[in-house]
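# Observations on the three-dimensional arrangement
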Amino acid sequence: MDDTASVCRGSLLGLAVGDAMGYAVDAKNLEEIHRDYGPSGLMGYDLVNGYADVTSHTQLAAYTANGLLIASTRGQLRGVMAPFVRYIAMAQQEWSKIQVLRRLPEATSCWISHVEHLRRRVCMDTRMLDVLNNGPLGTVEDTVNDSTEASALSAAVSVGLFFHPDRMKPTEVGRLGAEAVALTHGSPEAFLTGAWVAYTVAGIAQEGALALRDQFVQAAEAVAAQFSRQFPQAMKLKEAVGRGVRMAKNGLMEPEEAMEALQCQDALGVAAGAVYACLKGEGDVDRSMILAVNHSGRSAAVGALTGAFLGAKLGEEALPEFYLECLEPAPNCGSWRRTWPVGVPWTCAPGSLTTIGTINTSRANRWIPRSGWSDKKNGPPGFSRGSVLEKREEGR
């Protein structure tokens, strides 16, 4: 697989892994996580019927990517197109309409609308859903609310992956990342974090040799340089990213204590938590994912960003197989990156989809006990369906 396809597929797969892992504990504080999963916290997926469910973080990234593909296609075939953010808005509104209707509308523009698990109702932010369905949508200059939530940051991941110097200027990827989030989240802290996510992912994709720490810092500096005159909150973002970097480096706190101190409840906190988890894991995806979800904040959002950054940096091959074997089927992420330079035909059909990871049905319903627990009847807490723990041990 070529490098660009590996970056794209690795980033979107990593996002889905972190999203699915964090979903189980997203509404729990650290004390509740320890109560339900033991002193080490959640160490893998908490599966349902042998699958790891993804949420709106993965869905929004997928629909944003589909919208950008539609934009690229229109530009290639017709020689004219609206601004990219218009196509992102169209795709996200189609997703939100399906979330409310719980069925396919009569006409769809996005081919991924035919993928059941990418339209299942698992929205992590009903306020975002309300904005997309009832409007008006926001812009960076004319915001729709004051939401600081991290629910739309995954859209900026797809923006970063879409970037290519032949397609747009570097500053435009930051602007588009902010615009994608500002559609539904009006706080500058939220949409500036979107700009930072887009810059970080684009930087990893274009300059893969640069250390992840430097990618985070340079992206924050780029956001500050581009937006700080209009939005002083850009400096708060820079401080949040720097705090995550410093805490990972100095090691003065235990990891769980550090994640609690970062307060990963809003967009800035989620960004800081993802930075810390990525750097503290020191290239070990498994360790980073465990850090990303075991805290009192928005575990699914931190897990999704952590997985997206590490997947882009290390490639699909670095994602442990035990995370992929039970991951819910999703679009062939690699095909998006290969077709982005030329777009994708309007006639692209659901039959062109493949799955990301295989479902091992012979092992999917096995109960593997966790250390210190013995509840054989009820499963979690105490047990994990599938073979995540066993596979982790085999791989070390």
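Once a new chain begins, its residue numbering starts again from 1 and follows that chain's sequence as written. The predicted nature of this model means local features are confined to residues of pLDDT at least 70 and side-chain atom pairs, given and counted, to a pLDDT of 80 or more, with totals for whole chains, interfaces and linings taken over all residues. With hydrogens and water excluded, all non-hydrogen atoms of the structure serve as input to the side-chain values.

## With respect to the overall build of the protein chain
The helix count covers DSSP runs of H or I at least four residues long, the strand count covers runs of E at least two residues long, and both are numbered beginning at the N terminus. Helices and strands together make up the secondary structure of the protein chain, namely 17 helices and two strands. A simple rule labels every residue: compare its accessible area, found with a 1.4 Å probe on the protein chains alone, to the largest value its type can have, and call it buried under 20%, exposed over 50%, or partly exposed in between. Here the protein chain holds 396 residues, and 58% of them are scored as buried. Note on contacts: a residue pair qualifies if any of its non-hydrogen atoms lie within 4.5 Å across the two residues. Residue pairs at least 24 apart in sequence account for 74% of intrachain contacts in the protein chain once pairs closer than 6 positions are excluded. Surface accessibility follows the Shrake-Rupley procedure with a 1.4 Å probe radius. Residue values consider only the protein chains on display as shielding. Accessible area of the protein chain: about 15800 Å², with a carbon and sulfur share of 49%.

## Here's the deal with the pattern of salt bridges
A pairing counts as a salt bridge when a side-chain nitrogen of Lys or Arg comes within 4 Å of a carboxyl oxygen of Asp or Glu. Taken as a whole, this structure holds twelve salt bridges when the rule is applied. We note a salt bridge from Arg-127 to Asp-146, for which the minimum N-O separation is 3.2 Å. You can see Arg-127 sitting in helix α5 (residues 126-134) and its partner Asp-146 sitting in the loop between α5 and α6 (153-162), a full 19 residues away along the chain. On the basis of relative accessibility, which here comes to 59%, the residue Asp-146 falls in the exposed class.

## As for the environment of Lys-28
Here Lys-28 shows up in the loop between α1 (3-23) and α2 (30-37). Those residues in contact with Lys-28, other than ones at most four positions away along the chain, are Ile-33, Asp-36, Tyr-37, His-295 and Ser-296. We define a polar contact as two N or O atoms separated by no more than 3.5 Å, with the added condition that, inside protein, one atom must be a possible hydrogen donor and the other a possible acceptor, whereas residues neighbouring each other in sequence contribute only through side-chain atom pairs. A distance of 2.7 Å separates the side chain of Lys-28 from the side chain of Asp-36, its partner in a polar contact.

## A short note on the environment of Cys-8
Of note, Cys-8 is situated in helix α1. Residues Cys-8 and Gly-311, 303 residues apart in the sequence, show an inter-C-alpha distance of 8.1 Å.

## Structural notes on helix α13 (residues 285-293)
Taken across its nine residues, α13 has eight buried, putting it largely inside the fold. Val-285, Asp-286, Ser-288, Met-289, Ile-290, Leu-291, Ala-292 and Val-293 are the residues of α13 that are buried. Two to three positions downstream of the cap, the backbone nitrogen of Asp-286 sits 3.1 Å from a side-chain oxygen, assigning the N-cap of α13 to Asp-284.

## Side note on empty space enclosed by the protein
Definitions used for this entry: grid spacing 1 Å over protein atoms alone; cavity, a set of points where a 1.4 Å probe fits but cannot get out; pocket, an open set with protein on both sides within 12 Å along at least 5 of 7 lines; lining residue, one with an atom within 4 Å of a point. Grid points are joined across faces, edges and corners, and a volume is the space filled by probe spheres set on the points. For the structure shown, the criterion picks out four cavities of 30 Å³ or more. Roughly 60 Å³ of internal volume is contained in the second largest cavity. The classification used treats Ala, Val, Leu, Ile, Met, Phe, Trp, Tyr, Cys and Pro as nonpolar, Asp, Glu, Lys and Arg as charged, and all other residues, Gly among them, as polar. Grouping the constituent residues of the lining of the second largest cavity by class yields three nonpolar, three polar and three charged.

## Section: unusual backbone geometry
Between Gly-135 and Pro-136 the backbone carries a cis peptide bond, its omega angle lying at -10 degrees. We note that Gln-263 has phi near 50 degrees; this positive angle belongs to a residue other than glycine. Its place among the elements puts Gln-263 in the loop between α11 (255-261) and α12 (267-280). Phi angles above zero are rare outside glycine, and Glu-282 is one such case at about 50 degrees. Inspection of the secondary structure puts Glu-282 in the loop between α12 and α13. You can call Glu-282 exposed: its relative accessible area is 67%.

## Focus on the side chain of Gln-92
For Gln-92, the position within the fold is in helix α4 (residues 84-101). Residue Gln-92 is classed as buried on the basis of its relative accessible area, which comes to 0%. Gln-92 has contacts with Leu-60, Thr-64, Leu-132, Ala-155, Ala-180 and Leu-183, leaving out every residue within four places of it along the chain.

## Here we look at the layout of surface pockets
Computed from the structure, the largest pocket encloses a volume of approximately 220 Å³. Taken together, the elements giving at least two residues each to the lining of the largest pocket come down to α7 (170-182), α8 (188-206) and α9 (212-227). Class assignment of the residues belonging to the lining of the largest pocket gives a composition of seven nonpolar, five polar and one charged.

## What about the nonpolar core?
Residues belong to one nonpolar core when they are buried, are Ala, Val, Leu, Ile, Met, Phe, Trp, Tyr or Cys, and are joined through side-chain atoms within 4.5 Å. In this structure, Tyr-45, Trp-196, Phe-216, Val-223, Phe-309 and Leu-327 are the most contacted members of the largest nonpolar core, which totals 120 residues. When neighbours within four sequence positions are excluded, Val-223 is seen to be in contact with Leu-192, Ala-195, Trp-196, Tyr-199, Ser-228, Ala-234 and Leu-237.

## Regarding the packing of aromatic side chains
Each Phe, Tyr or Trp ring (for Trp, its six-membered ring) is paired with any other whose centre lies within 6.5 Å, and the angle between the two planes then decides the class: stacked below 30 degrees, edge-to-face above 60, tilted in between. Scanning all chains against the criterion turns up seven aromatic pairs. Geometrically, the ring pair formed by Phe-191 and Phe-231 is edge-to-face, given 5.2 Å between the ring centres and 80 degrees between the ring planes. Placement of the pair is Phe-191 in helix α8 and Phe-231 in the loop between α9 and α10 (233-250), with a sequence separation of 40 residues. Each member of the pair, Phe-191 together with Phe-231, is buried. Each member of the aromatic cluster is reached from another via a ring pair, and the members are Tyr-45, Phe-322 and Tyr-323. Taking the ring centre of Phe-162 as reference, the NZ or CZ of Arg-167 above it sits at 4.0 Å. Whether a charge sits over a ring depends on NZ of Lys or CZ of Arg being within 6 Å of the ring centre and within 35 degrees of the ring normal.

## Some details on the confidence of the model for the protein chain
Taken over all residues, the pLDDT of the protein chain has a mean of 83, while the share at 70 or more is 82%. Mean pLDDT values over the elements of the protein chain span from 25, in strand β1 (residues 367-369), up to 98, in α12. Note that pLDDT drops below 50 for residues 329-338; the model gives that stretch 37 contacts with residues more than four away or on any other chain. A residue's pLDDT is the confidence the predictor assigns to it, expressed on a 0 to 100 scale. For residues 340-396, every residue scores under 50 in pLDDT, and the model assigns this stretch 128 contacts once sequence neighbours within four places are set aside.

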